[in-house]
Amino acid sequence: MKILVIGRGGREHAIIKKLAEEKSHQLYAAPGNAGIANDAKLVEIDELNNEKLLEFALKEKIDLTIVGPESALMNGICDLFRKHNLMIFGPNKSSAEIEGSKEFAKKIMVESNVPTANYQSFTDYQEAVSYVKRTGVPTVIKNDGLAVGKGVVVAFTETEAIEALQLMLVEDKYNSGKVIIEEYLEGEEFSLMAFVHNEKVFPLPVAQDHKRAFDNDQGPNTGGMGAYSPVPFVTDSIISEAVEKVLKPVAKTLYKNGTPFSGILYAGLILTKAGIKVIEFNARFGDPETEVVLPKVKNKLSEVILDLLKGKDLSLEIDSSYVLGVVMASIGYPGDYQNGSVLEIKNNPAILHMGTKIKDNILKTNGGRVLFVLGQGETLEKAFQAAYLNLSDVKADKLFYRKDIGKRFIN
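So, here's what we can say about the structure. Fair warning: this is a prediction, and the values are worked out from it, not measured in the lab. (Residues numbered from 1 in each chain as written. Predicted model: local features only at pLDDT ≥ 70, side-chain atom pairs only at ≥ 80, totals over all residues. Heavy atoms only, no water.)

Turning our eyes to something else, we now look at the overall build of the chain. From N to C terminus, the chain includes twelve helices and 25 strands. Counting only C-alpha atoms and orienting by the principal axes, one finds that the chain spans roughly 60 × 50 × 40 Å. Burial statistics for the chain: of 411 residues in total, 57% are counted as buried. The contacts of the chain with a sequence gap of at least 6 include a subset with a gap of at least 24, amounting to 67%. Put simply, the chain shows about 17800 Å² of open surface, and 46% of that area lies on carbon and sulfur atoms. (Helix = DSSP H or I, 4+ residues; strand = E, 2+ residues; numbered from the N terminus. Buried < 20%, exposed > 50% of the residue type's maximum accessible area, 1.4 Å probe, protein only. Contact = heavy atoms within 4.5 Å. Areas by Shrake-Rupley, 256 points an atom, 1.4 Å probe, with all protein chains shown as cover.)

Now the structure itself:
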């Protein structure tokens with residue numbers, strides 16, 4: 001089978017590696033990265049160039065396309081491929097709005113009676129500032145549209161909140177011109193992804209991401225600095241509750257509203273004293289959660305996706321081991337950083353590429369998040385030790401990483 005994976009990051013590398021295990025496919029990645037090139041043929045087409053992607057898929061007779069990034073989903077790639085009778089895994093643009101617009105997601109949650117933080121949306125800077133002054137801090141400021149995991153500010157002071165509003169509304173850094181201001185929720189966060197087709201929901205193992213740039217959850221929010229799966233405090237009953245009270249109602253509402261969801265529905269959840277609440281939804285495989293969740297799935301990924309798209313029920317087989325991964329990022333990330341630093345990596349299958357390229361036959365950095373280094377073991381501690389041991393197979397003086405991924409739950 002010919003399979004095309006759209007995207008260029010660690011999530012796409014994890015998907016490609018999972019597909020490569022099946023040893024029965026011709027794999028392509030558009031545009032891919034230097035690590036993905038070991039398992040798939042790279043196609044020099046940007047993930048947002050819909051016409052070129054369509055032309056390639058038709059010409060090469062691609063049997064299945066898997067979409068990685070949210071930007072491609074919101075660009076309508078799935079709508080276009082389906083219009084030409086091409087099989088593609090990912091939601092249409094209308095249902096991907098659950099990630100593309102925080103306000104849309106909130107309205108779906110309210111309609112579905114899904115527990116979430118109280119909120120107000122604003123387009124006017126002065127009105128938003130007045131609201132913050134009236135309701136107080138801590139509070140959460142979210143850009144309404146896509147912002148590559150960086151459009152959320154948890155403000156513990158009024159100054160921080162106002163600076164975020166200035167950035168998002170006055171300077172319009174993320175080109176949406178709208179923010180959601182939410183009540184601050186306290187508790188442990190975790191991520192639950194599920195294969196969804198219309199009203200059918202099949203959950204994957206839970207994971208916990210580490211959003212802050214530095215150890216002890218210090219520094220700015222990022223796209224994620226590491227993750228692990230499963231999560232010790234998330235019991236089977238909590239997962240069942242999340243599926244029944246969050247994922248299924250949302251899938252049902254989207255279907256009822258004429259925007260049926262087909263793909264990966266990702267719920268960012270928080271376990272508060274009042275129970276589970278939803279922080280956000282994504283419309284695709286999470287990054288870096290995918291990198292630690294897919295290694296736990298024993299099924300063939302291509303078969304799971306094809307069965308789902310055909311409306312069949314899934315029976316997922318899950319490995320009981322722990323998987324933990326650490327992001328190695330360019331110094332300066334998530335702010336300004338430089339590309340083009342030289343990387344030396346030993347041949348280690350536990351190292352996934354997030355932002356790399358080959359230039360003049362030399363492996364170099366090509367992104368804020370550069371590598372994702374995995375470890376696997378029968379306990380979280382053993383997975384932690386394995387991951388940090390594998391870091392020694394990377395030689396790079398322009399990268400940094402957190403040293404405490406998953407450490408809070410290691411006795």
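What follows concerns unusual backbone geometry. Cis geometry is found at the peptide bond from V137 to P138, where omega equals 0 degrees. Tracing the backbone shows P138 in the loop between α7 (125-135) and β7 (139-143). Residue S229 is joined to P230 through a cis peptide bond whose omega torsion reads -5 degrees. The residue P230 is located in the loop between β15 (226-229) and α9 (236-256) in this model. With phi around 55 degrees, N198 is a residue other than glycine that occupies positive phi space. Relative to the helices and strands, N198 resides in the loop between β10 (188-197) and β11 (200-203).

A few words on the side chain of E103. Counting through the fold element by element, E103 comes out in helix α6 (residues 102-112). Reaching out from E103, the side chain makes a polar contact with the side chain of K178 at a distance of 2.6 Å. Setting aside residues no more than four positions away along its own chain, E103 makes contact with S121, D144, K178 and I180. (Polar contact = N/O pair within 3.5 Å; in protein donor to acceptor, adjacent residues only side chain to side chain.)

Here we take up the sheet that holds strand β8 (residues 152-155). The sheet built from four strands is open, its strands ordered β6-β9-β7-β8 with antiparallel pairing. This sheet does not close on itself; its edge strands, each paired only once, are β6 (119-122) and β8. Geometrically, the sheet is characterised by an average inter-axis angle of 20 degrees between neighbouring strands, direction not taken into account. Strand direction decides the pairing type here: β7 and β8, joined by four bridges, are antiparallel. (Pairing = 2+ DSSP bridges. Axes fitted to C-alpha atoms, helices over the stretch in contact; angles between N-to-C directions.)

We now examine the sheet that holds strand β17 (residues 275-282). The strand order β11-β10-β16-β17 describes an open sheet built from four strands, whose pairing is antiparallel. At either end of the open sheet lies a strand with only one pairing partner, and these are β11 and β17. Strand-to-strand, the axes of this sheet are offset by a mean angle of 35 degrees, without reference to chain direction.

The subject of this paragraph is the pattern of salt bridges. This model, assessed by the stated rule, comprises 22 salt bridges. With a shortest N-O distance of 3.3 Å, R284 and E70 are connected by a salt bridge. Of the two residues, R284 sits in the loop between β17 and α10 (289-293) while E70 sits in helix α3 (residues 70-74), which places them 214 residues apart along the sequence. Judged on exposure class, the residue R284 and its partner E70 are both buried. Between D287 and R369 there is a salt bridge, with the nearest N and O atoms lying 3.6 Å from each other. Highlighted residues: D287 in the loop between β17 and α10 and R369 in strand β23 (residues 369-377), separated in sequence by 82 residues. The class for D287 is buried, based on a relative accessible area of 11%. (Salt bridge = Lys/Arg side-chain N within 4 Å of Asp/Glu carboxyl O.)

Let's shift gears to the nonpolar core. Formed by 75 residues in total, the largest nonpolar core has its most connected members in I77, I98, L247, L269, F281 and L324. Element by element, the count of residues in this core is highest for α9, at nine residues. Residue contacts for L247: discarding those within four places in its chain leaves L192, A194, V201, A242, L265, A267 and F281. Among the nonpolar cores identified, the runner-up in size contains 44 residues, and L64, F195, Y266 and L308 belong to it. (Core = buried A, V, L, I, M, F, W, Y, C linked by side-chain atoms within 4.5 Å.)

Here is the key point about a regular strand: its side chains alternate between the two faces of the sheet. Here strand β13 (residues 212-214) pairs with strand β14 (residues 218-221) via two bridges, running antiparallel. Bridge pairing in β14 places R212 opposite N221. Hairpin connection of β13 to β14: three residues between the antiparallel strands, including N216 at a positive phi of 60 degrees.

As for its position among the elements, E189 is in strand β10. Classification of E189 as partly exposed rests on a relative accessible area of 44%. With 90 residues separating them along the chain, E189 and I279 place their C-alpha atoms 8.6 Å apart. Setting aside its immediate chain neighbours within four residues, E189 contacts Q208, F233, L269, I270 and I279.

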